[in-house]
2 protein chains.
Amino acid sequence: MSTVTTAATARASEARPAADGEPGLGATLLAALDGSQHERRMAGRAAFPSEGMLRDPSLGLTQARAWTLDRLGEFVAAGFGQAIVAIEQTSRDTQLQSLIDFETISYGDLSVAIKSGVQHGLFGGAIAGLGTPAHHERFLADALSLRTLGCFAMTERGHGSDVASLETTISYDPDAGEFVVHSPRWSSAKTYIGNAAEHGHLATVFGQLIVDGVERGVHCILVPLRDADGRVLPGVTIGDNGHKGGLLGVDNGSIAFDHVRVPRDLLLDRFGSVDAEGRYLSSIENANRRFFTMLGALVRGRICIGGGAAIAARRALSIATRYADRRKQFRHPHSDDETPLLDYLAHQRKLLPAIARAYALGFAQNELIDAYGTVSSDPDHDPRAQRALETLAAGLKVLNTDFANATIQTCREACGGAGYLSENQLTQLRADTDVFATFEGDNTVLLQLVAKGVLTDYREVWGGLDRLGLVQASARMVGGAVIERTGAGLLAERLVATARRKGDSAAFYDRGWHAWMFEERERHSIDSLARRMRAADRDSFDAVNAMQDHVLFVARAHMERVVLDAFIAGIEASRTAPPGKPWKSSAPSSP
Amino acid sequence: MSTVTTAATARASEARPAADGEPGLGATLLAALDGSQHERRMAGRAAFPSEGMLRDPSLGLTQARAWTLDRLGEFVAAGFGQAIVAIEQTSRDTQLQSLIDFETISYGDLSVAIKSGVQHGLFGGAIAGLGTPAHHERFLADALSLRTLGCFAMTERGHGSDVASLETTISYDPDAGEFVVHSPRWSSAKTYIGNAAEHGHLATVFGQLIVDGVERGVHCILVPLRDADGRVLPGVTIGDNGHKGGLLGVDNGSIAFDHVRVPRDLLLDRFGSVDAEGRYLSSIENANRRFFTMLGALVRGRICIGGGAAIAARRALSIATRYADRRKQFRHPHSDDETPLLDYLAHQRKLLPAIARAYALGFAQNELIDAYGTVSSDPDHDPRAQRALETLAAGLKVLNTDFANATIQTCREACGGAGYLSENQLTQLRADTDVFATFEGDNTVLLQLVAKGVLTDYREVWGGLDRLGLVQASARMVGGAVIERTGAGLLAERLVATARRKGDSAAFYDRGWHAWMFEERERHSIDSLARRMRAADRDSFDAVNAMQDHVLFVARAHMERVVLDAFIAGIEASRTAPPGKPWKSSAPSSP
């Protein structure tokens, strides 16, 4: 059985140049998959601690949590996480570095990656994204160095996906100049909160802000949880979520507040503040838009989870493919040799399409990373660019996490009994990534968000037309402006145009033909959903509910087209053809 | 979050009669799903220990193994397992009881079920099925009572699916009147063997029998592993497979033999023996047929694994559906209430088709159980009946275990973060059933076995025809005798005949139309594969390998048709229509 593929072994083997000094196939593929962040990723691999980054699966809960915290400390000592809480949030470099740091850590134990995500990405990220420079200066350095371990306390027992309906209250007391943080009911307690059960001292707590009796919607405030000796503070009740299906190294727990008083300056008030006179102030008039702006500042988490899942899937594919290449079973006819598993068509079907898809998703994730770098470093970015980023982040989070769960399971089965032994990593990867489909947004809810984003674009283009006009326009050239192309998509667009001109003679092996089919499917599904929505009573739960199949289909059709575009562009970029040579399908029967 | 559904809670709630004294819907469905074994299953539920049958997930390896052995002892004390090693192997009652016992135990911790499967089903079953009355009298009572814990030592490091190529040798030494059991290479050691790492004292060991220098193929022999104090015996080397992806309560390990001497009478020699003069004797002349006869005697294990997986899936569906009925999220429009998850179409799509399929697979499993009862209790059964049983057992093992893995995962995701907490059972069920796809036969290999069984039937019917005659016959009425109907299938056959007469006007909602479509798919896939095989060079690895997609498709098409037949028959049987009233589809648009 192959041993684990960590960043260290990737560094040692996959990037090795061929004998003639030219980069070998492995190095070419690695560079292609690394994309625009190749150098940053290589630097991350070089800094990755070379030993002891895989957890003994038999460690109990307490030991596993301590081990994980220690490993996170090692990563911080090696320079990881610095960018995650960087004060210069608008630097493109630091924003990109934070994503690559998380992905690199994901080559080791995923509990460590998620603990890093909780501490630096979510806790630190909330302070950075929702706080003001005073908060940054006061808290970020300690968050980075792990001197202050923190929680991101958003989800409650009663509300997870529906964040707008959180029950925790953050009430301003003008006499004391303090906020009172309170959990009115059992269902209001925060739960599944990482760092809560044991290590957290400070929490970014989300709740309904109430100022002078007026509800101002969900805001975020810093609340101390434990004193310097680790004792839970008065008014705070902590529970332990105990043993979980995976990620045993992360100490998830529940937090309830009983009228806990917090100084006024602990409100993370970038988007909404309360002044010394007790007046509520916000640069965003509309409460709904303010809510989504705050959530939008947290988009990085979803990008990280998708990226981490993608790496887990690739690690599993690497293990299973190496095994299949060595493991033999059943005699080869007319020979004394036995047949490697990888020679069986049925076994190839399990692994090879998944490898191709891993590349496709990797290329798409690179586009997402680039888009994040652009949007997050431009304080005046177009709201449409923000929406496109959020749609892409949500959709790729779904595709990557679903892919990881399915693929790691396939790899486990492809390795037979050996795959079931914990020492061979697969069951651990599978158990750890399982919940990636749930946290940072339930995958079904996120797909609905993707569809909503796609339809909003559609409405902006077609909204002005009346019903007849819409149908006519749709029939003529529906979606010409709806299907927005990223950089990678421009190549696909040219291919589509070519395939379209070929008409019926378009070959099945032609990439342009595939791109065209995916595009047509997307167009058709959006167009018919939009018409259906227009005809339906949007205020009727039943009418909207009845469209959910269609909504999810639109989301998947959109995302699969985006990924195909990225795949085509990524393959092209990895080809060593001299610059300027036109792209040509390498398929056998392409004309 | 709902607590676990054990047999005890099923007893308490689901079988409850309606207020008017008539059996309620739950009781009717329970009886339908229980099938012919309803009374036996009810007795099992009544005998199921009512408390302490769910393992604390935080127990370490050693504790988990000890806990599991203790619980198995409780089941034995409650009367379970008696039939599993019953000496009267040909009693239909005891054979059926052994299957129901395993399924009932599967309502508790699956490590206990699998340990029971190892001890009673495999170890006891090998003695019962491959041994003679002298072995039964000497060993079975102690195997039942757990006085002798045992191993089923078939799989080796180098050979799992390819049992015929096992490397362990069982060489007869005529001078000493003993067998010498030996593992010639590292790859020859047994591995993943349950009860090996800690508890096993005796093993049924499979290896190549060599008598007077002649290899006689795979046979099975009893080999002592440990002395009364638990010390490993000389010549035996035991390894521990350590932490696994699940089933932590089962102590899997490796066993290597260094010229271990065993008395002659420990060979389980029902199908092949060595007499005092050192002569090999077998009632089955053909070595290949002898090998498959021995393996066929072990078919019960596959039936149990499929049945246990089905129960795990149903437990998960019960948990997730109850949760979805109570858990609310997002406000219902024009109301102060929030919406239960189960009201969302997207959530229904996750759970409801899986519930329907759980019933379909349950009905099909009942047919398998009935077929096993018939075949195993008739010592003179037709070889075709044995082959049909093995095909059905292999196919349903695949469908049930794939279904369990996919469905438990769906249920986990449908319960969000709560689904990830170990106390809510889902991740534990998922981790435990994972390897069900591998042991008792890798699912891909089993599907190939299913296709082979189907094609053998086909050849027996059509083999006499030449190529042209075959094509003509196929065109007229292909497969009329190929699609063998079990009892449940006869109803489907009538429906198909009706749908066929209706022709194009057959309604989409008509069950007969569905049965017809499934049947046509099966016919077409078998027919075209048979023609393809006839044209191919059967000695060429590449030619046969190239057909694997098609082979797996045939296997799936066959099994899905079998399950649909069972579903239709099971639904019909559960209807309370007076006897004699003709079956009529309840679908809305059926004529």
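Here's what I pulled together on the structure shown here. (Residues numbered from 1 in each chain as written. Chains lettered and ligands numbered in written order. Predicted model: local features only at pLDDT ≥ 70, side-chain atom pairs only at ≥ 80, totals over all residues. Heavy atoms only, no water.)

1. Focus: the overall build of chain A
- Within chain A one finds 19 helices and 13 strands.
- The burial tally for chain A puts 58% of its 591 residues in the buried class.
- Taken as a whole, chain A presents about 24,100 Å² of accessible surface, with 54% of it coming from carbon and sulfur. (Helix = DSSP H or I, 4+ residues; strand = E, 2+ residues; numbered from the N terminus. Buried < 20%, exposed > 50% of the residue type's maximum accessible area, 1.4 Å probe, protein only. Areas by Shrake-Rupley, 256 points an atom, 1.4 Å probe, with all protein chains shown as cover.)

2. Quick notes on helix α5 (residues 92–105) of chain B
Residues and elements named next belong to chain B.
- Look at α5: 20 Å from first C-alpha to last across 14 residues, which is about the 20 Å you get at 1.5 Å a residue.
- Counting buried residues in α5 gives 11 out of 14 residues, a clear majority hidden from the surface.
- Listed as buried for α5 are T94, Q95, L96, S98, L99, I100, D101, F102, E103, T104 and I105.
- Looking at the buried positions of α5, the neighbouring elements they touch are α3 (38–47), α4 (61–77), α6 (110–130), α9 (300–326) and α10 (345–376). (Expected span 1.5 Å × (residues − 1). Contact = heavy atoms within 4.5 Å.)

3. Considering the packing of aromatic side chains
Residue and element names in this part refer to chain A.
- Counted under the stated rule, the structure contains 16 aromatic pairs over all chains.
- Aromatic pair Y359 and F363: ring centres 6.1 Å apart, planes at 50°, arrangement tilted. With Y359 and F363 both in helix α10 (residues 345–376) and four residues apart, the pair spans about one turn of that helix.
- By relative accessible area, which is 7% here, F363 ends up buried. (Phe/Tyr/Trp six-rings, centres within 6.5 Å; stacked < 30°, edge-to-face > 60°.)

4. Regarding the relation of the copies chain A and chain B
- It takes a turn of 180° to lay chain A on chain B, together with a shift of 0.0 Å along the axis; the resulting RMSD is 0.0 Å. The superposition of one copy onto the other is thereby described by a two-fold rotation axis. Rotation axis and chain A: the residue whose C-alpha lies nearest the axis is G60 of chain A, separated from it by 3.5 Å.
- Comparing interface residues between copies, 100% of those in chain A also lie at the interface in chain B; the contact surface is shared. (Least-squares fit on C-alpha atoms with pLDDT ≥ 70 in both.)

5. Section: the sheet that holds strand β8 (residues 253–257) of chain B
Residue and element names in this part refer to chain B.
- Sheet architecture is open: three strands sit in the order β4-β8-β7, paired in antiparallel fashion. The strands lining the two open edges of the sheet, one partner per strand, are β4 (190–193) and β7 (236–240). For this sheet, the mean angle separating the axes of adjacent strands, direction not counted, is 20°.
- With five bridges joining them, β7 and β8 adopt antiparallel strand pairing. Its bridge partner lying in β8, T237 is registered against A256. (Pairing = 2+ DSSP bridges. Axes fitted to C-alpha atoms, helices over the stretch in contact; angles between N-to-C directions.)

6. Description of the nonpolar core
- Core analysis: the biggest nonpolar cluster contains 97 residues, and I114, L247, L351 and L396 of chain A have the highest contact counts within it.
- In terms of nonpolar packing, the next biggest core, distinct from the first, is built from 96 residues, L146, A312, A324 and L446 of chain B among them. (Core = buried A, V, L, I, M, F, W, Y, C linked by side-chain atoms within 4.5 Å.)

7. Quick word on the sheet that holds strand β4 (residues 190–193) of chain A
All names here are of chain A.
- The strand order across the open sheet formed by three strands is β4-β8-β7, and the pairing between neighbours is antiparallel. The sheet is open, and its two edges are formed by β4 and β7 (236–240), each paired on a single side. The sheet shows a mean angle of 20° between the axes of neighbouring strands, direction not considered.

8. Things to note about the pattern of salt bridges
- All told, the structure shown has 60 salt bridges over all chains when counted by the stated rule.
- For the salt bridge of E522 of chain A with R561 of chain A, the shortest nitrogen-to-oxygen distance reads 2.6 Å. You can see E522 of chain A sitting in helix α17 (residues 511–535) and its partner R561 of chain A sitting in helix α19 (residues 548–574), a full 39 residues away along the chain. In terms of burial, E522 of chain A and R561 of chain A fall into one category: buried.
- Across the pair R279 of chain B and D275 of chain B runs a salt bridge, and its minimum N-O distance is 2.9 Å.
- D275 of chain B sits in the buried class, given a relative accessible area of 13%. (Salt bridge = Lys/Arg side-chain N within 4 Å of Asp/Glu carboxyl O.)

9. So, the interface of chain A and chain B
- Counting residues at the interface gives 60 residues for chain A and 60 residues for chain B.
- Taking both partners together, chain A and chain B bury about 4,900 Å²; carbon and sulfur atoms supply 49% of that area.
- On the chain A side of the interface with chain B, the three residues burying the most area are H243, Y420 and F541 of chain A, jointly 15% of the side's total.
- In this assembly, chain A and chain B are joined by four salt bridges.
- Put simply, D434 of chain B and R412 of chain A hold a salt bridge, and the shortest N to O gap is 2.7 Å.
- Taken together, the links from chain A to chain B amount to 44 residue pairs in polar contact (both at pLDDT 80 or more). (Buried area = accessible area lost by both parts, 1.4 Å probe. Polar contact = N/O pair within 3.5 Å; in protein donor to acceptor, adjacent residues only side chain to side chain.)

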